[in-house]
Amino acid sequence: MSLRIMKPGLHTTVQDLGRPGWRRFGIPEGGAMDSIALRTANLLVGNAPGAAGLELTLSGPQLLAEEAMLIAVCGADLTPSIDGEALPLQRPVWLDAGTVVSFGSAASGCRAYVAAAGGIAAEAVLGSRSTDARAGIGGIAGRKLRSGDVLPLGSAAPWAAAWHAALAARAAAVPQGRRRSWAAPRWFAPPPAQALLRGSANPAGIRLRVMPGAEYGQFREAARTAFMRERYRVAPASDRMGVRLDGPPLQMEDSEELLSHGVIAGTIQVPRGGAPIILGVDCQTTGGYPKLAHVITADLPLLAQCKPGDYITFEEVTLAEAQHLDREQERGMQQLAAILSICKKAMHF
């Protein structure tokens, strides 16, 4: 089975959960910016959580199902539709062969994820199918997708095939025998908090929880106060490598140059101009800018959904609080997997 790219959208790439273990060689981990949305989509179609899917950014593509298949769309609402009819999010959806799914611009959030049963079977590079466009590896020829690209799919799990058959039967059982080109169950996976974003329409801004960085104490007290009190706006020059922020400039007590040191996704660096940059999953492995703070792991999916123009505020939490929030997020994923296990056994739609 395969998916064909009819129109590519603004920035559509193949992504899985990244290639950990290579940072010491200067290779970013990469992977989905919103790992929770991708993992959820994969669970909904019977894939392993780390199977490769599509990451759509701000404006989505037009996809052709060349054979009948099962897909799920999670994360931001990029207004997917089939023949003008809205396609539901956060649930498995059966598509008949020849069905075209069209995405529009983001109604909320920034990035949506499309998983197909079997996963996208692009060639793995260093243990991952994720696209790293700067390095030119992973995905399809190491680049964002283009019109005409064909994405091969792997073998679907047996129970996903059973859901496929049940939803196909539902599509056929419509009044007057007019078969629909898609079908979805009544139930859906509860959307995570980041899916409820309203971006810049929220005057309070999107709250990201942070812990102090190594050089936090070297910033002026006024800078530390402003960082935790003021709003920052996501700048247009933001991408998977870093989310640039416009707002009050933050200055250190001493502007002495630092030696290069390791950095990871979520690190908040402050260059000489004083405008913070929150590093994304495609960030470099080392950097020399001072580290003001770190976005906690549980809020990295929320960071992924911040689009240009959105306002961001910061809240400091302790290490214990950050660890608790991370465990709670993982517990939620485990609960979803358990519920889906019950649904697949009962074939409940």
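Novice: Account for the nonpolar core, with residues named and values stated.
Specialist: Most often, soluble globular proteins keep nonpolar side chains buried together rather than apart. The biggest cluster of nonpolar side chains holds 32 residues, and the ones touching the most others in it are Leu44, Val45, Leu70, Trp94, Tyr113, Trp163 and Leu340. Among the secondary structure elements, those contributing two or more residues to this core are helix H1 (35–44), strand E5 (69–77), strand E10 (108–116), helix H2 (158–172) and helix H5 (319–346). A total of six residues in this core trace back to one element, the largest contributor, which is H1. By size, the runner-up hydrophobic cluster in this structure holds 30 residues, among which are Ala52, Ala76, Val93 and Val114.

Novice: Can you explain the sheet that holds E5? Please cite residues and give values.
Specialist: The six strands are arranged E2-E3-E10-E5-E8-E12 in an open sheet whose pairing can be described as antiparallel. Looking at the sheet topology across the chains shown, the edges are occupied by strand E2 (13–15) and strand E12 (182–183). Judged from the three bridges that link them, E2 and strand E3 (residues 53–57) form a sheet pairing that is antiparallel. Bridge pairing in E3 places Thr13 opposite Glu55. Contacts from H1 reach E2, E3, E5, strand E8 (92–95) and E10, with the element oriented near 155° to E5. Packed on one face of the sheet, H2 meets E5, E8 and E12 and runs near 65° to E8.

Novice: Give me the environment of Gly280: which residues, what numbers.
Specialist: In this structure, Gly280 sits in the loop between strand E18 (277–279) and strand E19 (286–287). Separated by 240 residues in sequence, Gly280 and Thr40 have C-alpha atoms that sit 20 Å apart.

Novice: Outline the packing of aromatic side chains, supporting the account with residue identities and numerical values.
Specialist: Here the structure, examined in full by the defined rule, presents three aromatic pairs. Relative to Phe314, the ring of Phe227 lies with its centre 4.4 Å away and its plane at 20°, an arrangement referred to as stacked. Highlighted residues: Phe227 in helix H3 (residues 221–229) and Phe314 in strand E21 (residues 311–316), separated in sequence by 87 residues. Comparing Phe227 with Phe314, the two get one shared label, buried. In this structure, Arg224 is placed above the aromatic ring of Tyr216, and the distance from its NZ or CZ to the ring centre is 5.8 Å. For the cation-ring pair, Arg231 lies above Tyr311, with the distance from its terminal atom to the ring centre recorded as 3.7 Å.

Novice: Account for the environment of Asp282, naming residues and giving values.
Specialist: One can find Asp282 in the loop between E18 and E19. Not counting the four nearest positions on each side in its chain, Asp282 is found in contact with Pro28, Gly30, Arg240 and Met241. For Asp282, the side chain forms a polar contact with the side chain of Arg240, separated by 2.9 Å.

Novice: Describe the pattern of salt bridges, with residues and values.
Specialist: Per the stated rule, a full pass over the model turns up 13 salt bridges. Between Arg143 and Asp149 there is a salt bridge, with its nearest N and O atoms 2.9 Å apart. Like Arg143, the residue Asp149 is buried in the burial classification. The closest approach of N and O atoms between Asp310 and Lys307, which form a salt bridge, is 3.5 Å. For the pair shown, Asp310 and Lys307 are each scored as buried. In the salt-bridge network here, residues are joined through shared partners; they are Glu55, Arg111, Arg240 and Asp282.

Novice: Tell me about the pairing of E10, residues and numbers included.
Specialist: For E10, the tally of buried residues reaches nine of nine residues, placing the bulk of the element in the interior. Summarising the sheet, E3 and E10 pair through four bridges and their orientation is antiparallel. Counterpart to Leu56 in the pairing with E10 is Ala112.

What counts, and where the lines are drawn
Residues numbered from 1 in each chain as written. Predicted model: local features only at pLDDT ≥ 70, side-chain atom pairs only at ≥ 80, totals over all residues. Heavy atoms only, no water. Core = buried A, V, L, I, M, F, W, Y, C linked by side-chain atoms within 4.5 Å. Buried < 20%, exposed > 50% of the residue type's maximum accessible area, 1.4 Å probe, protein only. Helix = DSSP H or I, 4+ residues; strand = E, 2+ residues; numbered from the N terminus. Pairing = 2+ DSSP bridges. Contact = heavy atoms within 4.5 Å. Axes fitted to C-alpha atoms, helices over the stretch in contact; angles between N-to-C directions. Phe/Tyr/Trp six-rings, centres within 6.5 Å; stacked < 30°, edge-to-face > 60°. Lys NZ or Arg CZ within 6 Å of the ring centre and 35° of its normal. Polar contact = N/O pair within 3.5 Å; in protein donor to acceptor, adjacent residues only side chain to side chain. Salt bridge = Lys/Arg side-chain N within 4 Å of Asp/Glu carboxyl O.

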